[in-house]
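Report on the structure
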Amino acid sequence: QVQLVESGGGLVQPGGSLVLSCVVSGRREIINAMGWYRQPPGKQREMVAAITQDGKTNYADSVKGRFTISRDNVKNAVYLRMDSLEPEDTAVYYCTGSDYGVDYWGQGTQVVVSS
């Protein structure tokens, strides 16, 4: 059974930083494309960042220059470093994987940015 397990969420002040981690379990093979979505309270889910197996990245305009996605294909993990956090970044963050038409979702980790 494939599972994506997120960790690293928490409470941080505006301007602070957090690093989210996502580890793939249940399969040895790396997933072609992985990324992060988030869902702010009372709002729709939105794409945050994505990365291919060879390291190509895409970011939502709202996080460009502040967030950095990376992956470790040996550990089969993906990370999201979040700098200069703003209250608008408050959301449940979900790790995702896409493998030729098959999508995987983590359980989510809460990020709260507040003073």
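Above this text sits the structure in question.
Our subject in this report is the structure included herewith. None of these values were measured; they are calculated from a predicted model.

**Notes on the state of the cysteines**
- According to the stated counting rule, one finds 1 disulfide in the structure shown.
- The partner cysteine of C22 in its disulfide is C95, sulfur to sulfur 2.0 Å. On the S-S bond that ties C22 to C95, the torsion sits near -80°, and the link is left-handed. In this pair, C22 is assigned in strand 3 (residues 18-25) and C95 in strand 9 (residues 91-99), connecting sequence segments 73 residues apart.
- Residue C95 is classed as buried on the basis of its relative accessible area, which comes to 0%.

**Points about the packing of aromatic side chains**
- Taken as a whole and judged by the stated rule, the model has 2 aromatic pairs.
- Summarising the aromatic geometry, the rings of Y37 and W105 are spaced 5.2 Å apart at their centres and angled 55° between planes, so their arrangement reads as tilted. Taken together, the positions of Y37 in strand 4 (residues 33-39) and W105 in strand 10 (residues 102-105) put the pair 68 residues apart, joining distant regions of the chain.
- Consider the rings of Y94 and W105, whose centres lie 6.4 Å apart with planes at 75°: the pair is edge-to-face. Note that Y94 is positioned in strand 9 and W105 in strand 10, a separation of 11 residues in sequence.
- Exposure remark for W105: the relative accessible area of 38% places this residue in the partly exposed category.
- The structure contains a cluster of three or more aromatic residues connected by ring pairs, namely Y37, Y94 and W105.

**Some thoughts on the sheet that holds strand 3**
- Read from one edge of the open sheet, 4 strands run 1-3-8-7, paired in antiparallel fashion. The open sheet is flanked by strand 1 (3-7) and strand 7 (67-72), the only strands paired with a single partner. Averaged over all adjacent pairs, the angle separating strand axes in this sheet is 15°, with direction ignored.
- Pairing of strand 1 with strand 3 involves 5 bridges; the strand directions are antiparallel. When the bridges of strand 3 are listed, V5 appears paired with V23.

Conventions we followed
Residues numbered from 1 in each chain as written. Predicted model: local features only at pLDDT ≥ 70, side-chain atom pairs only at ≥ 80, totals over all residues. Heavy atoms only, no water. Disulfide = S-S within 2.5 Å. Helix = DSSP H or I, 4+ residues; strand = E, 2+ residues; numbered from the N terminus. Buried < 20%, exposed > 50% of the residue type's maximum accessible area, 1.4 Å probe, protein only. Phe/Tyr/Trp six-rings, centres within 6.5 Å; stacked < 30°, edge-to-face > 60°. Pairing = 2+ DSSP bridges. Axes fitted to C-alpha atoms, helices over the stretch in contact; angles between N-to-C directions.

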